[in-house]
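So the chains spell out like this:
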Amino acid sequence: MINIIMNHFFGNLDFFDILNYSYHWKSKYWITRHQIQNLVLILLFSFISMTFIQTILNLVTIEYLILEGICFFVCLRIVHFFIRQDFKNYMIKAEIIGYFVLHELLIILETSKSLKDATKFIITSNYQIYSNIFSDSLIKSHFGIPLKDAIRSQIENQISGELRRVFLNVIDTWETGTELTLLSTNMILSHLSEYIREETDKVDTWGSLFSGLTFLSPPVILCYLLISGQITNIVGFGVISMVFFASIIFRPDKHLSVFAGHSPLLPFIDDRTIEFLVIHAENLVSGLSYIKSLNKALNVYIENTTEVLTSSLKEALVSFRLNVEPASFTDIVALQRLFSSRTLQILNLIEKFSTISTKLAGKKLLIITEELNKTSNLLRIGKARLEATAFQTTIIQIFSLISLAFISGASPLFQLISISVGGYNRNTYEIPNFDPIFIFLGLLMSILPLYINFSSEHKITTYSAVVIRVSRFLLFLAVFIITRDFLTGSF
């Protein structure tokens, strides 16, 4: 009964069960699906009670009650729409990550010929959603279920659409031969390239709309309101509210945070890591022992690093390089502080091959590095296109701030024009002061875009980000003061 009421008045929330979206929503907004349903039911009951009381006491007309009901249900549907949009962004991001996972899965399957090694690699890579799927599959395999069947079951239950079909095809056919694996790998890379291009094109288009609605419209609206004499404090706060909500709603790049600094995919954009693995591979192919090859590659990596190595880390590296024990690289603290867990997993995998043949291990590492570099290039392209869109938005934002500052500074002049057109006497008509509204709007537009997110991944924490926003506001104030002094000094 409750589900029927929710579906008719608010909207279906069954999508919360797809790809662990409920956990994502709770961690992001601190509220669960069950709490949303309870809140909607409370609001619905309160609205019906208020309507009943108004009807009994004959406080409002039927027309007003109908309008009130329409507004209430439209508001509920708008909230549901925004939840669906967040889910859509989540699914796009999940699909992009899924294809990167598929690519890495094929690389490890091809080089290790072991589904178990590939499963452990994906788990260690700590991919959003997918590491949990493979982790649960590995746990089930410990209780007698074949790993292949466990993975198939998890994928069928948690992944949908084209991505599920490709995942199942890879799991079923990877043992068939290298040609099929290579074909699947190339297909996935081609699909990723097209997908990234398509999504970044959408961001570019919607980014223009975001810039227009959020930055260009406020100066135009204020100029019209001042000249027409229709500006009031309430209207001014309405414009501020419009900018605030537009900055939240029109965020076209939310789902492409896989290209941002917190992405789990970014370790392989690091050229120094790729260079380290290539040098290590070439040393192994040349016939060096695994330990000598690793030490040579570490020498180059440490010499070229831009980071300042602490004395404790240097001591740990010296100790490690003088006396390497046959332990897992993931257990060596010195390397953990230099490389990501995924890089250490690669080193572990290649070490196993080196016990058979160092040349074989080197060739395998070159294959892995070459394929990872392909995905790194795709990530670079996606990140570069987003940065280009962000730069365009920033330029528009700065020009809009300057326009807003000029209009705000010259507001007494615009109001005088309005007074003259309206036939008022300048000597008896008092020009109202809307400077607090203008300054607050300038402050808001200076710190955009706003990231309304309770998790830490979107918070402004860097010093440079704060400096940029403060600089924009100071630019606004400077233009505002100069305009006020030169154009309206006589008023």
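Position numbers for residues count from 1 along each chain, tracking the sequence in the order it is written. Only residues with pLDDT of at least 70 get local features here, since the model is predicted, and only at 80 or more are side-chain atom pairs given and counted; chain-wide, interface and lining totals rely on the full set of residues. Computation of side-chain values: all heavy atoms of the structure, hydrogens and water removed.

**As for the packing of helix α4 (residues 62–112) against helix α5 (residues 115–124)**
- Axis lines are fitted to C-alpha atoms, over the contacting stretch for helices. Their N-to-C directions set the angle, which ranges from 0 to 180 degrees. Secondary structure is summarised from DSSP: a helix means a run of H or I of at least four residues, a strand means a run of E of at least two, and numbering begins at the N terminus for each. It is at 8 Å that the axes of α4 and α5 come closest, and there the two elements cross at 145°. Crossing hand, α4 versus α5: right-handed. Here V101, E104, L105, I108, L109 and S112 of α4 lie close against α5, whose contacting residues are L115, D117, A118, F121 and I122.
- When residue character is reported, Ala, Val, Leu, Ile, Met, Phe, Trp, Tyr, Cys and Pro are called nonpolar, Asp, Glu, Lys and Arg charged, and the others, Gly included, polar. Split by residue class, the contact of α4 with α5 holds 8 nonpolar, 1 polar and 2 charged. Should the near helix be turned anticlockwise from the far one by less than a right angle, the crossing is termed left-handed; should it be turned clockwise, right-handed. Any two residues whose heavy atoms approach within 4.5 Å at even a single point are treated as in contact.

**With respect to the confidence of the model for the protein**
- On average, residues of the protein score 77 in pLDDT, and 78% of them reach the 70 mark or higher.
- Here residues 452–461 scores under 50 on pLDDT; set against residues more than four positions off or in separate chains, the count is 19 contacts. pLDDT runs from 0 to 100 and stands for how confident the predictor is about each residue.

**Let's talk about the packing of helix α15 (residues 341–354) against helix α16 (residues 358–409)**
- Where α15 contacts α16, the axes come no closer than 7 Å and their chain directions differ by 150°. Between α15 and α16, the crossing angle belongs to the class labelled roughly antiparallel. Crossing angle aside, the handedness with which α15 passes α16 is right-handed. Side by side, α15 and α16 meet where I346, L349, I350, F353 and S354 of the first sit next to T358, L360, A361, K364, L365, I368 and L372 of the second.
- The residue makeup of the contact of α15 with α16, split by class, is 9 nonpolar, 2 polar and 1 charged. We call two directions roughly parallel when the angle between them is under 35 degrees, roughly antiparallel when it is over 145, roughly perpendicular when it lies between 65 and 115, and oblique otherwise.

**Quick notes on the pattern of salt bridges**
- We define a salt bridge as a side-chain nitrogen of Lys or Arg found within 4 Å of a carboxyl oxygen belonging to Asp or Glu. All told, the structure shown has 5 salt bridges when counted by the stated rule.
- Between R152 and D172 there is a salt bridge, with the nearest N and O atoms lying 2.5 Å from each other. Highlighted residues: R152 in helix α7 (residues 147–158) and D172 in helix α8 (residues 161–173), separated in sequence by 20 residues.
- What makes D172 partly exposed here is its relative accessible area of 34%. Partly exposed residues are those whose accessible area sits between 20% and 50% of the maximum for their type, while under 20% is buried and over 50% is exposed, using a 1.4 Å probe and protein chains only.

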